Amino acid sequence: MDDAVLSRRSLFAAGAVGLAVPAIGAAVSWNAGAAHAGATRKVTIYAEALPGGLFGYGLAPGQATVPGPLLEIYEGDTLEITLVNTTNQRLSIHAHGVDYSTSSDGSPLHASYNNPGETRTYVWRSREMFAAAGRRFMPGSAGYWHYHDHAMGTDHGTGGVAKGLYGGLIVRRRGDILPDRQFTVVFHDMTINNRMAPNTPIFEANLGERVEWVAIGHGNLFHTFHLHAHRWADNRTGMLESISDPSPTIDNKDLNPGSSFGFQVLAGEGVGPGAWMYHCHVQNHSDGGMSGIFLVRNADGSMPPGAEEAIHRFQGHTHTTTSQSHDDHGGHGA
Amino acid sequence: MDDAVLSRRSLFAAGAVGLAVPAIGAAVSWNAGAAHAGATRKVTIYAEALPGGLFGYGLAPGQATVPGPLLEIYEGDTLEITLVNTTNQRLSIHAHGVDYSTSSDGSPLHASYNNPGETRTYVWRSREMFAAAGRRFMPGSAGYWHYHDHAMGTDHGTGGVAKGLYGGLIVRRRGDILPDRQFTVVFHDMTINNRMAPNTPIFEANLGERVEWVAIGHGNLFHTFHLHAHRWADNRTGMLESISDPSPTIDNKDLNPGSSFGFQVLAGEGVGPGAWMYHCHVQNHSDGGMSGIFLVRNADGSMPPGAEEAIHRFQGHTHTTTSQSHDDHGGHGA
Amino acid sequence: MDDAVLSRRSLFAAGAVGLAVPAIGAAVSWNAGAAHAGATRKVTIYAEALPGGLFGYGLAPGQATVPGPLLEIYEGDTLEITLVNTTNQRLSIHAHGVDYSTSSDGSPLHASYNNPGETRTYVWRSREMFAAAGRRFMPGSAGYWHYHDHAMGTDHGTGGVAKGLYGGLIVRRRGDILPDRQFTVVFHDMTINNRMAPNTPIFEANLGERVEWVAIGHGNLFHTFHLHAHRWADNRTGMLESISDPSPTIDNKDLNPGSSFGFQVLAGEGVGPGAWMYHCHVQNHSDGGMSGIFLVRNADGSMPPGAEEAIHRFQGHTHTTTSQSHDDHGGHGA
Ligand SMILES: [Cu+2]
Ligand SMILES: [Cu+2]
Ligand SMILES: [Cu+2]
């Protein structure tokens, strides 16, 4: 890392330092560097084979995760990624939302990938909105984006995506509100972050904390992301700009291959702490394992009443995979 | 009902009192009570078995329908629902968009359901938008939402949803324009409101009336809702806030499991009365029975020229269920 | 054509006059006529059988294409289409977004179609936004719309749509920025414009040109449209109205049957020229042939370095159609 102002928010990952809660993944942001615009940030990412046939991106050798680290910059910054391919497969890193030359496209079309064992640098630039002809503006880079392999298995990286080579990328606009917690949720075929219930992530926050969700879709199937007891505006930030902001408020959103969105909620605000569900709302997907827990603890970090029982119920129920088995499970015959 | 200002708009249901048109379903709204904010509204809902293996929610014993009654409150109101389970199944009522404690979540995860024969109260709260950090606002509860079973058959209520336990829920922002008519349209697997053409709902309005559509998606399949000869802004209300409202105008929108949206149109405005089609725009879904009629009568309620023939054609055509049969039906060989 | 101000922008079609680049399709716009509002534009469209069992719409006999010509009017204009059916099939032309009477609906429901050999006139009207009750506005006709057959094969035109009877329709709001280039991209089952890679369209522009994409979905499958190295605001124009426009910026969007959207980008802006990919982001769709090239040439029209090799790679790679074949192709075993 090249920058003294880097703040590494290790989020909810086992062994994370300085956090009371178990953690799932890492993150790199340069928020503290927002004062000086247009900086170049350098980061080394290691693509590694993981147990179970998976692959992951990580910030240091032996630390690859699925999804990979959440990367975060401000509009105007450049991110220079040195990708170290420690695997025996062709792979790359392809970003959505940012500016890159064909040599950093990450696709075999431009021979833009790492051969097995190879190290290669990818440069992602970003910028602010600028005036178009007339009174309109061409949009800047700000958004909840993502990155993924575009070279393993097929020219579209189908093999790498299937095996876990994906992660979140946030480009902030100056003045955006920063969260207390961040979660990356990838709906990928019948999995969440390549896991199925009851092994899906338990995301944790304390009551009232500002929690940022980065939701990404991958693979071949179509999904709808639903979060219980929380809602967000269907726009760039998840919040309303003013009383006349026309954005609808939603709690369920299509999350399909290659798409991503993000939003912030106040954990448990207006509803209280508890083991809230998040899940795909396609019925045979949620029944089949696309369901997880958003654990909102009390403000002091202690467990709220009922949450342990709920998690126990969640973990005790294996998912059902056919509609036939629903009858066995709960009984809904006429 | 606890409130003198309750207005029950019985919509287009057979036997409705005070309406000249046949009707499909019931609705409860407390619009007249908008003057005093933060009121608590109480309603009893009966979950019942229906013919054909269906289940429904109703506002009185023996009055259950598919979809259930359209519920409507203002931001700030609380809705206290006493759910009477008259069936021999475990079931619940789970809402989107509003605030509820874990005990009103409606999910088995929180043991929040009615056992067979049991009565249970669910409390849904709502609120207005409020300032976030910075200049933005956390969104309020206003929206076109829905409710559904979350406990029959599986932990996600797959059995109850499949059998018809769903309905619409509107939370209005103060100042919103009220409609003359309201329709609830649920795209659920290969059905509309658990019916297939030609038995899908015929929604009726008179020319120029302000008609509100509440569209809800359920089940396992993905759909696109299309309405002929009418369009709406793809935002919270379906209307534009100002000349610089950036919302696109559409007449076709994804309607996928767990999602909902709503909008208002002026019936026949600019196009005239007639038997206009609404349908899923996925070709094998519309051909397979996901199609219905929006009958716009003349302003005086009389039938416009050609409408009866069109309805006759619609009812005379059985839907085709395989792409092979298209050749038999219309002939499009080279 | 009835109007001296008509400008026919023939886009990238082989044999186009006055353009240095190969071209794909035709377009009719009356932009130059924007000064006088409410004009009636007349155009004759020929529906024809094409090789390979396809059908197309064209502006003159023998000129039918898939997709058909891109039609373009201003809000307030009326488009009067004389459709000549030169085929031996029942067919029609049904528009999204504009106003039409039941007799111009294009559906068998209203006997609104051309029998084989028949000529029939369809009238599409449009209008500007107008005040609703309260401070809101009912939306006008402006949008990126489309037209398609609604009568061949089934009552929903499934046969005609499957065979290529579709095209783009733009209704502009006065003051909208006009593009230098326009592309129509139809994601239709496993094809792009009824073609599969490597025979999908190569869309071309010079560096810095303002390029307008009109994206349309058709058929039975669901897709996500992704464009490399370019992005747009997810709203009516693809641009931001102001710093407080809440629209998210995206580079991947659901493109499902019956839906359409459009946006403008500056070709290669911030990323440089090159053979950029556009593709469906559903992995087995992109691998299966839903991928194409957006060739951004140098500003002077010359080929940028690497572009020819990239196109050669693209054309040399046959698509893979099963997930099994991915292993053969690139190798991603553990
Ligand atoms: Cu899903
Ligand atoms: Cu459908
Ligand atoms: Cu696709």
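Computed from a prediction, not measured in an experiment: that's the story for all the values here. Residue positions are given per chain, counted from 1 along the sequence in the order it is written. A letter from A marks each chain and a number from 1 marks each ligand, given out in the order of writing. Reporting of local features is limited, given that this is a predicted model, to residues whose pLDDT is at least 70; pairs of side-chain atoms are given and counted only at 80 or more, and all residues count toward the totals for whole chains, interfaces and linings. Excluded from the side-chain calculations are hydrogens and water; all other atoms, namely the structure's heavy atoms, are used.

## Comments concerning the interface of chain B and chain A
Listed per partner, the contact involves 60 residues of chain B and 62 residues of chain A. Two parts lose some accessible area (1.4 Å probe) when they are put together, and adding that loss for both gives the buried area. Here chain B packs against chain A, burying approximately 4800 Å² in sum over the two surfaces, 53% of which is carbon and sulfur. Per-residue buried area on chain B facing chain A is highest for Leu-109, Arg-136 and His-156 of chain B; these three make up 16% of the total on that side. By definition, a salt bridge exists where a carboxyl oxygen of Asp or Glu is found within 4 Å of a side-chain nitrogen of Lys or Arg. The tally of links between chain B and chain A comes to five salt bridges. Glu-269 of chain A is paired through a salt bridge with Arg-127 of chain B; the nearest N and O atoms lie 2.1 Å apart. In this analysis, two residues are considered to be in contact whenever any of their non-hydrogen atoms come within 4.5 Å of each other.

## Some thoughts on the coordination of the copper ion (ligand 3)
Residue and element names in this part refer to chain C. Think of the donor list as every N, O and S atom within 2.8 Å of the metal, or within 3.2 Å for Na, K and Ca; water never makes the list, so a site can look incomplete. Of the protein atoms, only His-223 (ND1), Cys-280 (SG) and His-285 (ND1) coordinate the copper ion (ligand 3), at distances of 2.0 to 2.1 Å. Sequence spacing of the donors to the copper ion (ligand 3): H-x56-C-x4-H. Remark: His-285 occurs in helix α2 (residues 283–287) and His-223 occurs in the loop between β15 (210–218) and β16 (224–227); sequence separation between them is 62 residues. In this scheme, a residue with accessible area under 20% of its type's maximum is buried, one over 50% is exposed, and one in between is partly exposed, where area comes from a 1.4 Å probe on protein chains only. Given the relative accessible area of 9%, His-285 is considered buried. Here a helix means four or more residues in a row that DSSP labels H or I, a strand means two or more in a row labelled E, and each is numbered from the N terminus.

## Here we look at the pairing of strand β21 (residues 274–280) of chain B
If a strand is regular, its side chains alternate between the two faces of the sheet. All names here are of chain B. Counted residue by residue, β21 has seven buried out of seven residues, so it is predominantly covered. Side-chain alternation along β21 places Gly-274, Trp-276, Tyr-278 and Cys-280 on one buried face and Ala-275, Met-277 and His-279 on a second face that is also buried. Should DSSP find at least two bridges between two strands, the strands are taken to pair. When strand β16 (residues 224–227) meets β21, the two strands line up antiparallel, connected through three bridges. Looking across to β21, one finds that His-226 is bridged to His-279. Looking at chain direction, β21 and strand β22 (residues 291–297) are connected through six bridges and run antiparallel. Note on β22: the bridge partner recorded for Tyr-278 is Gly-292.

## A few points about the interface of chain A and chain C
Contacts between the two partners involve 61 residues from chain A and, on the opposite side, 62 residues from chain C. Carbon and sulfur atoms supply 53% of the area that chain A and chain C bury against each other, a total of about 4800 Å² over both sides. Three residues, Leu-109, Arg-136 and His-156 of chain A, lead the burial of chain A against chain C; their summed loss comes to 16% of the area buried on that side. Summed over the shared surface of chain A and chain C, the number is five salt bridges. Two residues, Glu-241 of chain C and Arg-136 of chain A, come together in a salt bridge whose shortest N-O distance is 2.5 Å. Side-chain atoms alone can form a polar contact between residues adjacent in sequence; in general such a contact is a pair of N or O atoms within 3.5 Å, and within protein one must be able to donate a hydrogen while the other accepts it. The tally of links from chain A across to chain C stands at 33 residue pairs in polar contact (both at pLDDT 80 or more). Residues were grouped as follows: Ala, Val, Leu, Ile, Met, Phe, Trp, Tyr, Cys and Pro as nonpolar; Asp, Glu, Lys and Arg as charged; and all remaining residues, including Gly, as polar. Here the side of chain A that touches chain C is composed, by residue class, of 20 nonpolar, 28 polar and 13 charged.

## Description of the coordination of the copper ion (ligand 2)
Residue and element names in this part refer to chain B. Distances from the copper ion (ligand 2) to its protein donors, His-223 (ND1), Cys-280 (SG) and His-285 (ND1), fall within 2.0 to 2.1 Å. Written as a sequence motif, the donor arrangement for the copper ion (ligand 2) is H-x56-C-x4-H. With His-223 in the loop between β15 (210–218) and β16 and Cys-280 in strand β21, the pair connects residues that are 57 residues apart, well separated along the chain. Since its relative accessible area comes to 0%, His-223 is described here as buried.

## Examining helix α3 (residues 307–316) of chain C
All names here are of chain C. Of the residues making up α3, those classed as buried are Ala-307, Ala-310, Ile-311 and Phe-314. Down the axis, α3 shows its buried residues gathered within 95 degrees of arc, on one side only. Facing away from the buried side of α3 by more than 90 degrees, the exposed set consists of Glu-308, His-312 and Gly-316. Buried-residue contacts for α3 involve β14 (202–206), β21 (274–280) and β22 (291–297). By arc we mean the arc of the directions from the helix axis to the C-beta atoms, nothing more.

## Quick notes on the UniProt feature "domain: Plastocyanin-like" (unreviewed entry) in chain A
Residue and element names in this part refer to chain A. In the UniProt entry, the feature "domain: Plastocyanin-like" (unreviewed entry) is given for residues 65–174 and 192–299. Taken end to end, residues 65–174 comprises 5% helix and 35% strand; its first and last C-alpha atoms sit 29 Å apart. Within the segment residues 192–299, helix and strand shares are 5% and 44% respectively, and the terminal C-alpha atoms sit 27 Å apart. UniProt positions are given in the numbering used here, feature names are shortened, and annotations may be inferred rather than shown by experiment.

## Things to note about the sheet that holds strand β12 (residues 181–188) of chain A
All names here are of chain A. As summarised here, the arrangement of the four strands in space is β13-β12-β15-β20, forming an open sheet in which the pairing is mixed. Both outer strands of the open sheet, β13 (191–192) and β20 (260–266), are each paired with one neighbouring strand and no more. With eight bridges joining them, β12 and strand β15 (residues 210–218) adopt parallel strand pairing. The partner of Arg-181 across the bridge, within β15, is Val-211.

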